[in-house]
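# Observations on chain architecture
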Amino acid sequence: MLDLKFVVNNIDYVKQKTLQRNYEFDFEKIVELDLKRRGLIQKVEELKKYRNEVSKQVGIFKKEGKDISEISSKMRSISDEIDNLDKELSEVQQQLNDVMLMIPNIIDDSVPIGNDENDNPEVKKWGEKRVFDFTPKSHWEIAEKLDIVDFERGAKLSKSRFSIYKGLGSRLERALINFMLDTHIAKGYTEIIPPLLVNAKAMTGTGQLPKFEEELFKCERDELYLIPTAEVPVTNIYADEIIDYDKLPLNFVSYTPCFRREAGSYGKDVRGLIRQHQFNKVELVKIVEPERSMEELEILTDNAAEILRLLGLPYRIIKLCSGDLGFSSSITYDIEVWLPGQNCYREISSCSNFKDFQSRRAKIRYRDRNKNVVFPHTLNGSGLAVGRTFLAILENYQQEDGSVVVPDVLKPYMGGVDIIK
């Protein structure tokens, strides 16, 4: 959430930054509601001041034995008016809060201006693409032939875009999870195992609600949501709290299953493991001092990319342009892994700096060096989407006979298995 005072005092700037996202918003509604809010506050304060002055007179009249029936009646009328104005003020403030929750974050000045993913510049590339002596297969062909992922029975148990890992496929997925966790823990991240079901307040804190309700799986009876990413519960650990200065930076790593409806993506990337309703992810979350957040974004992005380097998987890093940037993000790097079976790069990690957007919504604060209570910056990035790393290994390490070589760093996690066949 943006600061209301900042928005009202810099309305043209906020409009410009919002339009750069190709996102239109009625800012006049905010100005209108804010003026109404201020007017009501002024009226209430004036009436309360008048009531206090009259109350003093009532005390004096009582001591003097004067009749106070008329003035008491007037006081009751003023109190009723204050109560009505307070109710109206509360309603206006709620309307204003609801409107403010729908404004996207301010994009960082370093973000390139563009319309969509075609305008995202590449900022780094690593690794040589493997040259095959045969036509490389897609990961779903490899997985089905090796009988390590069952797409059809996964759909039978749930619906399309749910899958069953089995045998060495299950072991490879689990090996990747443990390898990622161990690598990040060694970097100083604290492991978190959070709830997979969270309330609406937590979803609102990180920006999933109210705008993206249709993307979420909801348990109606309990008013809880299945998490779309560990970012939601881990970031909200400190919601409504004030963190001591010496606790920052906070660095967390968390493995969770994630759940997304993928509403509006029908017909796109439906084959294999690219766009599942349930998938595994190892997430990195940082809560840091504002002046360090851009530096911490570079560190977080490199920590995620290191997983691919250790696995020997070629990748590139792109910076998302204004039109492709997520609602809550101020700046985002996407890491894309090379998939030879599909002859393209695919996003495998998204690393974002939300600045104080999420901390304002979740009311996460900290005491700075001067003991002032201020909002920290939050960051997150998947390090990495486990299923997409799984499929990247299948496509990059496939052999002509259909087998898949296990990368060296994963062999200790695979119980000595060095080839899947």
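So, how was this worked out
Residues numbered from 1 in each chain as written. Predicted model: local features only at pLDDT ≥ 70, side-chain atom pairs only at ≥ 80, totals over all residues. Heavy atoms only, no water. UniProt positions renumbered as here; feature names shortened; annotations may be inferred. Helix = DSSP H or I, 4+ residues; strand = E, 2+ residues; numbered from the N terminus. Buried < 20%, exposed > 50% of the residue type's maximum accessible area, 1.4 Å probe, protein only. Contact = heavy atoms within 4.5 Å. Areas by Shrake-Rupley, 256 points an atom, 1.4 Å probe, with all protein chains shown as cover. Lys, Arg positive; Asp, Glu negative; His and termini not counted. Charge placed at Lys NZ, Arg CZ, Asp CG, Glu CD. Polar contact = N/O pair within 3.5 Å; in protein donor to acceptor, adjacent residues only side chain to side chain. Pairing = 2+ DSSP bridges. Axes fitted to C-alpha atoms, helices over the stretch in contact; angles between N-to-C directions. Parallel < 35°, antiparallel > 145°, perpendicular 65-115°, else oblique. Left-handed = near helix turned anticlockwise from the far one by under 90°. Nonpolar A, V, L, I, M, F, W, Y, C, P; charged D, E, K, R; others polar.

- If you look the protein up in an unreviewed UniProt entry, it shows as Serine--tRNA ligase from Calditerrivibrio nitroreducens.
- One UniProt comment on the protein, placed under Subcellular location (unreviewed entry), says "Cytoplasm".
- Looking at the Function (unreviewed entry) heading of the UniProt record, one finds this comment for the protein: "Catalyzes the attachment of serine to tRNA(Ser). Is also able to aminoacylate tRNA(Sec) with serine, to form the misacylated tRNA L-seryl-tRNA(Sec), which will be further converted into selenocysteinyl-tRNA(Sec)."

### Examining the overall build of the protein
- Across its full length, the protein holds twelve helices and 18 strands.
- Counting only C-alpha atoms and orienting by the principal axes, one finds that the protein spans roughly 105 × 45 × 45 Å.
- Within the protein, the fraction of its 421 residues that count as buried is 49%.
- For the protein, long-range pairs separated by at least 24 residues make up 74% of all intrachain contacts whose partners lie at least 6 apart in sequence.
- Element-wise, carbon and sulfur atoms account for 47% of the exposed surface of the protein, whose accessible area totals about 20,600 Å².
- A distance of 3 Å separates the average location of the 61 positive side-chain charges in the protein from that of its 68 negative side-chain charges.

### Details of the UniProt feature "binding site: ATP" (unreviewed entry) in the protein
- Mapped onto the present numbering, the UniProt feature "binding site: ATP" (unreviewed entry) falls at R260, R261, E262, E347, I348, S349 and S350.
- Mapped onto the fold, S349 is located in strand 13 (residues 344-355).
- Within the secondary structure, S350 sits in strand 13.
- Exposure remark for S350: the relative accessible area of 26% places this residue in the partly exposed category.
- Those residues within four positions of S350 in sequence are excluded, and the remaining contacts are T332, Y333, D334, N380, G381 and S382.
- Polar contacts involving the side chain of S350 include one to the side chain of D334, which spans 2.8 Å.

### Some points on the sheet that holds strand 8 (residues 242-243)
- Within the open sheet, the three strands sit side by side as 8-14-15. Their pairing is mixed. One side of each edge strand has no neighbouring strand; the edge strands of this open sheet are strand 8 and strand 15 (373-374).

### Here's the deal with the sheet that holds strand 6 (residues 218-219)
- Read from one edge of the open sheet, three strands run 5-7-6, paired in antiparallel fashion. At either margin of the open sheet sits one strand with a lone partner, and together these are strand 5 (197-198) and strand 6.
- Summarising the sheet, strand 6 and strand 7 (residues 224-226) pair through two bridges and their orientation is antiparallel. Across the sheet, the residue bridging to C219 is L224, located in strand 7.

### Some words on the environment of M294
- Of note, M294 is situated in helix 10 (residues 293-311).
- Judged by relative accessible area, M294 falls into the partly exposed class, the value being 32%.
- Considering only alpha carbons, one finds M294 and K56, 238 residues apart in sequence, at a separation of 56 Å.

### Side note on the packing of helix 7 (residues 168-186) against helix 10
- Their axes nearest at 11 Å, the elements helix 7 and helix 10 cross at an angle of 125°. It follows that helix 7 is oblique to helix 10 by the angle criterion. Viewed along their axes, helix 7 and helix 10 form a crossing whose handedness is right-handed. For the pair formed by helix 7 and helix 10, the contact residues are L176, F179, M180, T183 and H184 on the first element and N303, A304, I307, L310 and L311 on the second.
- Residues of the contact of helix 7 with helix 10, tallied by class, amount to seven nonpolar, three polar and no charged.

### So, the side chain of T18
- By the element assignment, T18 lies in helix 2 (residues 11-19).
- In terms of polar contacts, T18 uses its side chain to reach the backbone carbonyl oxygen of V14, at 2.7 Å.
- Leave out the neighbours within four places in its chain, and T18 touches Y23, F25, F27 and P104.

### Observations concerning the side chain of H277
- With respect to the helices and strands, the residue H277 is situated in the loop between strand 9 (250-259) and strand 10 (278-288).
- Of note is the side chain of H277, whose polar atom sits 2.9 Å from the backbone oxygen of R260.
- Excluding its chain neighbours within four sequence positions, the residues that come into contact with H277 are K159, S160, R161, F162, F217, C258, F259, R260, R261 and E262.

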